[in-house]
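Chain by chain, the residues:
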Amino acid sequence: MRTFSRRLMLAAASSSILPLRSSLAAGLAATPEQTEGPFYPVAYPADSDNDLVQVRGQAAYAMGTILHLQGRVLDASGKPLSGTLVEIWQCDAQGLYDHPGQPGRERRDRAFQGYGKVMTDAQSAYRFRTLKPVAYPGRTPHIHLKVATAGGRRLTTQFYLAGEAQNDRDFVYRGALRDAKSRERIEMRLEPANGLEAGAFATTMDIVIA
Ligand SMILES: [Fe+2]
């Protein structure tokens, strides 16, 4: 029994260390900086945690398809950056932001938090429960992110859906896409969130700060 659990621990340890070693040798492509856009909150919601699908004190879930977004924050050498603040914000399932500049804001889904934040843990991991992003006029589906490391480094960026037909016509996406490596940093590949939540998707996106 003891041997079995130790084997498991070793397997877990090597699977997390090996990709880090190879990335240290190669150097990681940085997540590209992208515009903040006009819809960063002017006032944070009372509930600003990392579950955007359910607002504290409300029974209803947000409309839309649930997406579990997770990953690690690393520097270009692959060093984990624990204690990093990660913020995300996005429109609701109808394409509406919770922002004074949003036409039709009063029709927004009040069960959707719209904004959330989390600190990376000891393994520099972050995790959000949010929505699969939808398009709104002029933009392909995207999630906005702001990252602030304990050492004072900052990054503002956006994540997109891999394979989304509207991406190539989106000016922000096109500006961020420099090569195959930057594509990997901004395109989310969605998989069913098996074992996590029925009907939901999951994706892993490491954020690399140059
Ligand atoms: Fe946006």
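Since the structure is predicted, the reported quantities are computational estimates derived from the model, not experimental observations.

### Here we look at the overall build of the protein chain
Then comes step 1: Within the protein chain, the regular secondary structure consists of three helices and 10 strands.
Then comes step 2: Walking the protein chain from its N terminus toward its C terminus, one meets helices and strands in the order α-β-β-β-β-β-β-α-α-β-β-β-β.
Then comes step 3: A separation threshold of at least 6 residues defines the contact pool for the protein chain, and within that pool the share at least 24 residues apart is 72%.
Then comes step 4: Carbon and sulfur atoms provide 55% of the accessible area of the protein chain, an area that totals close to 11,100 Å².

### Here's the deal with the coordination of the iron ion
Then comes step 1: In the first shell of the iron ion, the protein supplies Tyr97 (OH), Tyr136 (OH), His142 (NE2) and His144 (NE2), at 2.0 to 2.3 Å from the metal.
Then comes step 2: Around the iron ion, the four donor atoms sit at angles spanning 91 to 164 degrees, and that spread fits a shape best called irregular.
Then comes step 3: The sequence pattern formed by the donor residues of the iron ion is Y-x38-Y-x5-H-x1-H.
Then comes step 4: The class for Tyr136 is buried, based on a relative accessible area of 15%.
Then comes step 5: On the basis of relative accessibility, which here comes to 2%, the residue His144 falls in the buried class.

### Overview of the nonpolar core
Then comes step 1: Among the nonpolar cores identified, the biggest contains 27 residues, and Val86, Tyr126 and Ile207 are the most heavily contacted of them.
Then comes step 2: Those elements that place two or more of their residues in this core are strand 1 (66–75), strand 2 (85–89), strand 4 (125–131), strand 5 (142–148), strand 6 (154–161) and strand 10 (207–209).
Then comes step 3: Per element, the largest residue contribution to this core is four residues, and it comes from strand 1.
Then comes step 4: Sequence-distant contacts of Ile207, that is, excluding residues within four places in its chain, are made with Thr31, Arg72, Val73, Leu74, Val86, Tyr126, Leu145, Val147, Leu155 and Phe159.
Then comes step 5: Ranked by size, the runner-up nonpolar core spans seven residues in total, among them Phe39, Trp89, Tyr97 and Tyr115.

### What to know about the confidence of the model for the protein chain
Then comes step 1: In this model, the protein chain carries a mean pLDDT of 90, and residues with pLDDT of at least 70 account for 88%.
Then comes step 2: Note on residues 1–18: pLDDT under 50 across the span, and two contacts to partners over four residues away in sequence or across chains.
Then comes step 3: Predicted confidence for residues 20–25 stays below pLDDT 50, and this span has seven contacts to residues more than four positions away or in other chains.

### Considering the sheet that holds strand 5
Then comes step 1: As summarised here, the arrangement of the five strands in space is 3-2-5-6-7, forming an open sheet in which the pairing is mixed. Since the sheet does not close on itself, it has two edges, and those belong to strand 3 (115–119) and strand 7 (187–188), each with one partner.
Then comes step 2: Note: strand 2 against strand 5, five bridges, orientation antiparallel. Looking at the pairing, Ile88 lines up with Leu145 of strand 5.

### Quick look at the side chain of His144
Then comes step 1: Within the secondary structure layout, His144 lies in strand 5.
Then comes step 2: Within the structure, the side chain of His144 is placed 3.5 Å from the backbone oxygen of Glu36, a separation counted as a polar contact.
Then comes step 3: Among the polar contacts made by the side chain of His144, one reaches the side chain of Tyr97 at a distance of 3.0 Å.
Then comes step 4: Apart from residues lying up to four places away in sequence, His144 is in contact with Thr35, Glu36, Glu87, Ile88, Trp89, Tyr97, Tyr136, Thr157 and Gln158.

### Description of the packing of aromatic side chains
Each aromatic ring pair is specified by the distance between its two centres and by the angle formed by the two planes.
Then comes step 1: With the rule as written, the count across this model stands at nine aromatic pairs.
Then comes step 2: Between Tyr40 and Tyr44, the ring centres sit 6.0 Å apart and the planes meet at 85 degrees, which makes this aromatic pair edge-to-face.
Then comes step 3: Look at Tyr40 and you get buried, because its relative accessible area is 12%.
Then comes step 4: Through pairs of rings, three or more aromatic residues link up here, namely Tyr40, Tyr44, Trp89 and Tyr115.
Then comes step 5: Here the guanidinium or amino end of Arg139 rests over the ring plane of Phe171, the centre of that ring lying 5.9 Å away.
Then comes step 6: Between the NZ or CZ atom of Lys146 and the centre of the ring of Tyr40, over which it lies, the distance is 3.8 Å.

Thresholds, definitions, all that
- Residues numbered from 1 in each chain as written.
- Predicted model: local features only at pLDDT ≥ 70, side-chain atom pairs only at ≥ 80, totals over all residues.
- Heavy atoms only, no water.
- Helix = DSSP H or I, 4+ residues; strand = E, 2+ residues; numbered from the N terminus.
- Contact = heavy atoms within 4.5 Å.
- Areas by Shrake-Rupley, 256 points an atom, 1.4 Å probe, with all protein chains shown as cover.
- Donors = N, O, S within 2.8 Å, 3.2 Å for Na, K, Ca; no water.
- Tetrahedral: all angles 85-135°; square planar, octahedral: opposite > 155°, others 65-115°.
- Buried < 20%, exposed > 50% of the residue type's maximum accessible area, 1.4 Å probe, protein only.
- Core = buried A, V, L, I, M, F, W, Y, C linked by side-chain atoms within 4.5 Å.
- pLDDT = per-residue confidence, 0-100.
- Pairing = 2+ DSSP bridges.
- Polar contact = N/O pair within 3.5 Å; in protein donor to acceptor, adjacent residues only side chain to side chain.
- Phe/Tyr/Trp six-rings, centres within 6.5 Å; stacked < 30°, edge-to-face > 60°.
- Lys NZ or Arg CZ within 6 Å of the ring centre and 35° of its normal.

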